[in-house]
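Structural description and commentary
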Amino acid sequence: MLNVDISRAEKFVSENELESMKKELSVAHDTLVGGSGAGSDFLGWLRLPEQIDTEEFSRIKKCAEKIKNDSDVLVVIGIGGSYLGARAAIEFIKGNMYNQKNSGCPEVYFVGNNLSTDYIKEVIEVIGDRDFSINVISKSGSTTEPAVAFRIFKELIEKKYGKDGAKSRIYATTDKSKGALKNLATNEGYETFVVPDNIGGRYSVLTAVGLLPMAVAGIDVDAALRGAYTAMKSLVGTKDYTNPAWVYAGIRNALYRKGKKIEILACFEPKFKYMAEWWKQLYGESEGKDNVGIFPASIELTADLHSMGQYIQQGERILMETFVSFGKPESDISVPENAEDFDGLNYLAGKNIAFVNENAYKGTAIAHEDGGVPNICIKLSGSDAENFGYMVYFFEFACGLSGYTLGVNPFDQPGVEAYKKNMFALLGKPGYEELLKEILKK
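Here we summarise the structure given alongside this text. In every chain, residue numbers begin from 1 and rise along the written sequence. Residues qualify for local features only when their pLDDT is at least 70, as the model is predicted, and side-chain atom pairs are given and counted only at 80 or more; totals for whole chains, interfaces and linings, by contrast, use all residues. The side-chain numbers reported here are obtained from all heavy atoms of the structure, hydrogens and water having been left aside.

1. Some points on the packing of helix 1 (residues 15-34) against helix 14 (residues 385-406)
For any two helices packed against each other, one specifies the crossing angle of their axes together with the interaxial distance. Inclusion rule: Here the axes come from fitting lines to C-alpha atoms, over the contacting stretch only for helices, and the angles between their N-to-C directions go from 0 to 180 degrees. Working definition: helices are DSSP H or I runs of at least four residues, strands are E runs of at least two. Numbering for both runs from the N terminus. Helix crossings fall into two classes, left-handed where the near helix is turned counterclockwise from the far one by less than a right angle and right-handed where it is turned clockwise. Contact between two residues is taken to exist if any of their heavy atoms lie within 4.5 Å; hydrogens are not considered. Under the grouping applied here, Gly and all other residues not named as nonpolar or charged are polar, the nonpolar ones being Ala, Val, Leu, Ile, Met, Phe, Trp, Tyr, Cys and Pro and the charged ones Asp, Glu, Lys and Arg.
Between helix 1 and helix 14, whose axes approach to 8 Å, the crossing angle comes to 115°. In terms of crossing hand, the pair formed by helix 1 and helix 14 is right-handed. Along the contact surface, helix 1 presents Met21, Glu24, Leu25, Ala28, His29, Thr31, Leu32 and Val33, while helix 14 presents Phe397, Gly400, Leu401, Tyr404 and Thr405. When the residues that make up the contact of helix 1 with helix 14 are grouped by side-chain class, the tally is eight nonpolar, four polar and one charged.

2. Regarding a nonpolar patch on the surface
Let me state the cut-off plainly: A patch is a set of surface residues, each over 30% in relative accessible area and not in a salt bridge, joined within 9 Å for like charges and within 5 Å for the nonpolar side chains Val, Leu, Ile, Met, Phe, Trp and Tyr. All accessible-area figures derive from a Shrake-Rupley calculation using a 1.4 Å probe, and residue coverage is judged against the displayed protein chains alone. Any carboxyl oxygen of Asp or Glu that lies within 4 Å of a side-chain nitrogen of Lys or Arg is treated as forming a salt bridge with it.
A cluster of nonpolar side chains, Leu115, Val148 and Ile152, forms an exposed patch at the surface whose accessible area comes to about 220 Å². By the secondary structure assignment, Leu115 is in the loop between strand 3 (107-111) and helix 5 (117-127).

3. Regarding the pattern of salt bridges
The following threshold applies: Only protein chains enter the calculation, and the probe is 1.4 Å; a residue is then buried if its accessible area is under 20% of its type maximum, exposed if over 50%, and partly exposed in between.
On inspection of all chains with the given rule, the structure shows 30 salt bridges. The salt bridge partner of Lys66 is Asp70, with a shortest N-O separation of 2.7 Å. Placement of both Lys66 and Asp70 in helix 3 (residues 54-70) is noted, with a separation of four residues, approximately one turn of the helix. Here Glu287 makes a salt bridge to Arg252, at a shortest N to O gap of 2.7 Å. Of the two residues, Glu287 sits in helix 11 (residues 273-287) while Arg252 sits in helix 10 (residues 244-257), which places them 35 residues apart along the sequence. Taken as a pair, Glu287 and Arg252 share a single burial class, namely buried. One salt-bridge network, in which partners are shared between bridges, spans Glu55, Glu56, Arg59 and Glu191.

4. Quick word on the packing of aromatic side chains
In plain terms, the rule: Side-chain rings of Phe, Tyr and Trp, where Trp is taken by its six-membered ring, are said to pair if the distance between their centres is within 6.5 Å; with planes under 30 degrees apart they count as stacked, over 60 as edge-to-face, and otherwise as tilted.
For the structure shown, the criterion picks out 24 aromatic pairs. Where Phe92 meets Phe272, the ring centres are 6.3 Å apart and the plane angle is 70°; that geometry is what we call edge-to-face. With Phe92 in helix 4 (residues 84-94) and Phe272 in the loop between strand 7 (262-267) and helix 11, this pair connects stretches of sequence that are 180 residues apart. You'll find Phe92 and Phe272 in the same group, each marked buried. Ring centres of Tyr404 and Phe411 lie 6.1 Å apart, and the angle between their planes is 70°; on these two criteria the pair is classed as edge-to-face. On the basis of relative accessibility, which here comes to 14%, the residue Tyr404 falls in the buried class. Members of the aromatic cluster, each reached through a chain of ring pairs, are Trp45, Tyr203, Tyr393, Phe397, Tyr404 and Phe411.

5. Thoughts on the environment of Asp41
Mapped onto the elements, Asp41 comes out in the loop between helix 1 and helix 2 (48-51). Asp41 sits 103 residues away from Thr144 along the chain, and the two C-alpha atoms are 26 Å apart. The contact partners of Asp41, leaving out residues within four places of it in the chain, are Asp197 and Asn198.

If you want it as structure tokens, here you go:
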């Protein structure tokens, strides 16, 4: 279902260097699977595919059907891992134009991931007079961006349906027993789902955090979990380079030690865009600490070959590149012939655009390798729900291996809190008065 091809990266490291990674990967594997490392209290995702809460999973699917029947729009409120995974899934599986397709499922819009007045206003205008529901996702319920958005949309939905009508249209995915959102949900009578204590936000896409919006969009969530289960059974039990997570973690860390400090994730399909955004959070938050870590970036091809392509080809040689490809496209469109051949493209007449795209990828990979950018290719067998589940688990498992190989805790994110403290002080939040004084001196 997934394999990792490093043939265009191997010449940048010696065979001995890659071989020497085995011992470190073996230790990292035992640390991860055995739960003996830093952050081990956040390993709930590791066995999630075989330990899913069947009662909650059943409620997720039941609520998804209710939302499909009574709503034209689902507003998903969350930030970071509370929204990126679901958005990645919907676009990867259903396509970039999901909301314009009239698929019979509600349109899904994401708010709470920014503080833009214009963006929020646009979402409200898009909803218009149509029926809608809300899925608010927050472990605490007090994270600024989603909390602000929830206040706005809660007021909107209560004005439209009244408090009694609104409470059956608000679904809270939050802590099991505590926090501002959990307390509100209990008091108001909202249907609630759990953000597990032992799963961090960026690893939570295959929990209720991602599964409810995915199910509302008509994604086969059983298949997604089945794919993750297949990945778990394969990756957890394999301790050598036949494990694609070992190959990926091994080569990227070997390249990092050779001065390749930035990894670019690239795909020739636009529907991969938010998958790349999810990947950036996963690896950026997991590895970037203690003054080490590979910086994760992404590009969308072929578009970015006409913008970032120049730097990638001839800029500072600190880059490695990971391409993702997946099966044949669902559509079969050929380049038409033109009698005048006005653009000189008749040599492509009759050829599928997928064939052209594939050769654009091959040409790019060869050019970048020749230019000093090692590239890795992760190949999936398709872009359906099962492949999505497998890919998510693969990246999570490889991230855990890579983090421990780097010598960091892959499951915390202490640096994320720095901006929040300054923002709270500047906004006048009680308790931050002394910090505000310090900020104003700067």
